Amino acid sequence: MTIDPTTASALNELLRELASELDLHYDDNAFRAIEPTIEAMKRAAKLVTEAGYTAPDSYRHIVRRFERNVNPNR
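Rules used throughout
Residues numbered from 1 in each chain as written. Predicted model: local features only at pLDDT ≥ 70, side-chain atom pairs only at ≥ 80, totals over all residues. Heavy atoms only, no water. Helix = DSSP H or I, 4+ residues; strand = E, 2+ residues; numbered from the N terminus. Rg over C-alpha atoms; globule rule 2.2 N^0.38 Å. Contact = heavy atoms within 4.5 Å. Polar contact = N/O pair within 3.5 Å; in protein donor to acceptor, adjacent residues only side chain to side chain. Expected span 1.5 Å × (residues − 1). Buried < 20%, exposed > 50% of the residue type's maximum accessible area, 1.4 Å probe, protein only. Arc of directions from axis to C-beta.

**Q** Mind showing me how you'd approach the overall build of the protein chain here?
**A** A count of helical and extended segments in the protein chain gives 3 helices and 0 strands. Mapped in sequence order, the helices and strands of the protein chain form the string α-α-α. Radius of gyration (C-alpha) of the protein chain: 13 Å, near the 11 Å computed for a compact globule of 74 residues. The dimensions of the protein chain, computed from C-alpha atoms along their principal axes, are 40 × 25 × 20 Å. Within the protein chain, counting contacts between residues at least 6 apart in sequence, those at least 24 apart form 71% of the total.

**Q** What exactly am I supposed to notice about the side chain of Glu-67 here?
**A** Examined against the element boundaries, Glu-67 turns out to sit in helix H3 (residues 57–70). Within the local environment of Glu-67, its side chain forms a polar contact with the side chain of Lys-42, the two groups lying 2.7 Å apart.

**Q** Before we go on, may I ask you to explain helix H1 (residues 5–25) in this structure?
**A** Owing to its 3.6 residues per turn, the α-helix brings residues three or four apart onto one side. When the terminal C-alpha atoms of H1 are compared, their 30 Å separation across 21 residues agrees well with the 30 Å that a helix rising 1.5 Å per residue should span. What H1 keeps buried is the set Ala-8, Asn-12, Leu-15, Ala-19 and Leu-22. Taken around the axis of H1, the buried residues stretch over an arc of 100 degrees, which confines them to a single face. H1 presents Thr-6, Leu-14, Leu-24 and His-25 as exposed residues on the side facing more than 90 degrees away from its buried surface. Of the residues that open H1, the one with a side-chain oxygen 3.0 Å from the backbone nitrogen of Thr-6 is Asp-4.

What follows is the structure, given as structure tokens:
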């Protein structure tokens, strides 16, 4: 799928803002509750990266934090 730079920028802005809010407002032990949100973010980030853009650092951080807390043995 191709997306234009404006769409990629908008998706990245949403990913950045949402990731920052999740990082600020959720403790590690509450991360299971945001699994649907993380999965939706992963789908959006996949669109961005498959189109040749880079997902924001804040997005990658929150996904790592989520995985570390929800799937510690992976």
